[in-house]
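Observations on chain architecture
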Amino acid sequence: MAEEIDTEIAVIGAGVIGMACALRLAAEGREVVILDPAEPGMGASYGNAGTIADYAVQPVGTPEVLKNLPSLLFDRNSPLAIRQAALPALAPWLLRFARQSLPGAAAANARAIAALVASANAEWQELATEIGGAGILQHRGCLYLYETRKAFAAAERDMTHRRSLGIAVELIDPSTLAAMEPGLPGVEGGAAFFPKATFLADPGQMMRRLAARLQAVGVRHIAQRVDRLTRTPGGVRLGTAQTSIRARTVILAAGAHSRRLAAQAGDRVPLDTERGYHVEWDMPAPRLTRPSCPTTRGFYLCPMAGRLRVAGTVELGGLTAPPSPHRVARLIEGARAIFPDLGAPSRDWMGFRPSIPDSLPVISASRAGSDVIHAYGHGHIGLTLAPITARIVADITAGRQTGIDLAPYAVTRF
């Protein structure tokens, strides 16, 4: 007979979004369980570039991307690529993506992202302090690298736009860049420096601190996959292979796995999957002091505790296909273009990002009521937005005003 559990709140998904939501709700005195078959925080929440990217206000879809979309998608070496076998299933998503890449939509999406990320650094400082992870946060900023003078000159327009959205950024010349990062090879162009950006020296360690804090405050982790979500007069019923859970409120924070359960709640969401990769080289000290993105190559060089992580690129390809050796090889090749003496990598990884065509997350009550609350679709900025999303979800759960216009993130926008 299946175990029966009654709880006030059930959070589906133990990535950084789900865990941050669970912790915020528990701090408000709520009874919370969290359900996820995997180890908490060890998916995309662990494998990312570690940046609290309050500067990342541009949506993935822009007029420039739209202009180059065919070549980007079908070039195996592109930073944005597609698995050919996934194309039929992705066609509706790609049509929405194309519409959201038009000038008016892209500008509106950038404004909405900027509003959401504005408090990211402050909220992460508060969360990290609460869970004993303040020492993992590094306050050294982040760099975009421009390898040619032409690319550096073209960056001025982008950075002017970011400044108009409240982002602090300085364009620096090659000599200033060399003084900041002497371990990087020289570039002809220069760099954009985001001085207020922070990053995690060890995302996995921060996730473990967060999971430990949840356990300490009494949030139970049920290591099972939720297969069924049903609304009933007595609450929302969740089913796994072993357990039946009845909750007053369900927070759906299962990342790239959320679409099926959202549909069971009555909400059709254009969620699909970006497959992100990283490659790591163990070393006593990384060769740079802050995350640095060679902009034409589409990845980050990430200094982390005891290793250099090279993370990035976008591959649209669903949840079931195996990792692409070609994408891993491209990251290795790109890293060696910058650091030619790198040997064999110590490890590589692939994980799933939940991607919405307009690059805006879904943070809202279900169409049918706030007994189901959506919290997923954060794309490249899930780590950045975790504590902000948790605050919004707690406000929705309590029926409070959030202090932010939630219309751009509502499930009803689709």
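Everything below is about the structure printed above this text.
Anyway, here's the lowdown on the structure attached to this text. Owing to the predicted nature of the structure, the values given are computational and were not obtained by experimental measurement.

By size, the foremost hydrophobic cluster in this structure holds 71 residues, and its most contacted members are Tyr55, Trp124, Tyr144, Phe194 and Met206. Look past the residues within four positions of tryptophan 124 in its chain and what remains in contact with it is Val16, Ile52, Leu137, Met206, Met207, Leu383, Thr384, Ala386 and Pro387.

Quick look at the packing of aromatic side chains now. Tallying each qualifying case throughout the model produces 6 aromatic pairs. Ring geometry for tyrosine 55 against phenylalanine 194: centres 4.5 Å apart, planes inclined by 15°, an arrangement best described as stacked. Of the two residues, tyrosine 55 sits in the loop between strand S3 (51-52) and helix H3 (63-67) while phenylalanine 194 sits in strand S8 (residues 190-194), which places them 139 residues apart along the sequence. Assigned by exposure class, tyrosine 55 and phenylalanine 194 land together as buried. By the ring-pair criterion, three or more aromatic residues cluster together here, those being Tyr55, Tyr144 and Phe194. Over the ring of phenylalanine 339 we find arginine 287; its NZ or CZ atom is 5.3 Å from the centre of that ring.

Pairing within the open sheet is antiparallel, and its 3 strands lie in the order S3-S9-S5. The outermost strands of the open sheet, each flanked by one partner alone, are S3 and strand S5 (137-138). Pairing between S5 and strand S9 (residues 198-200): 2 bridges, direction antiparallel. Pairing of glutamine 138 across the sheet is with phenylalanine 199, part of S9.

Now for the pairing of strand S17 (residues 307-316). Remember that side chains alternate between the two faces of the sheet whenever the strand is regular. Among the 10 residues of S17, 10 are classified as buried, and the element is accordingly described as predominantly covered. Sheet topology note: the strand S4 (residues 80-82)/S17 ladder contains 3 bridges and is parallel. Bridge assignment links isoleucine 82 to a residue of S17, and that residue is leucine 316. The sheet contact formed by strand S14 (residues 272-282) and S17 spans 8 bridges and is antiparallel. Bridge pairing in S17 places arginine 275 opposite glutamate 315. In this antiparallel pair of consecutive strands, strand S16 (residues 299-304) and S17, the connection spans 2 residues, and glycine 306 shows a positive phi of 75°.

Moving on: the packing of helix H1 (residues 16-27) against helix H13 (residues 382-398). Following both chains from N to C, one finds H1 and H13 inclined at 40°, their axes separated by 8 Å at the closest point. Looking at the two axes, H1 sits oblique to H13. By crossing handedness, the relation of H1 to H13 is classed as right-handed. Note on element contacts: H13 touches H1 through Gly382, Leu383, Leu385, Ala386, Pro387, Thr389, Ala390, Arg391, Val393, Ala394 and Thr397, opposite Val16, Ile17, Ala20, Cys21, Arg24 and Leu25.

Here is what the cut-offs are and how they apply
- Residues numbered from 1 in each chain as written.
- Predicted model: local features only at pLDDT ≥ 70, side-chain atom pairs only at ≥ 80, totals over all residues.
- Heavy atoms only, no water.
- Core = buried A, V, L, I, M, F, W, Y, C linked by side-chain atoms within 4.5 Å.
- Buried < 20%, exposed > 50% of the residue type's maximum accessible area, 1.4 Å probe, protein only.
- Contact = heavy atoms within 4.5 Å.
- Phe/Tyr/Trp six-rings, centres within 6.5 Å; stacked < 30°, edge-to-face > 60°.
- Helix = DSSP H or I, 4+ residues; strand = E, 2+ residues; numbered from the N terminus.
- Lys NZ or Arg CZ within 6 Å of the ring centre and 35° of its normal.
- Pairing = 2+ DSSP bridges.
- Axes fitted to C-alpha atoms, helices over the stretch in contact; angles between N-to-C directions.
- Parallel < 35°, antiparallel > 145°, perpendicular 65-115°, else oblique.
- Left-handed = near helix turned anticlockwise from the far one by under 90°.

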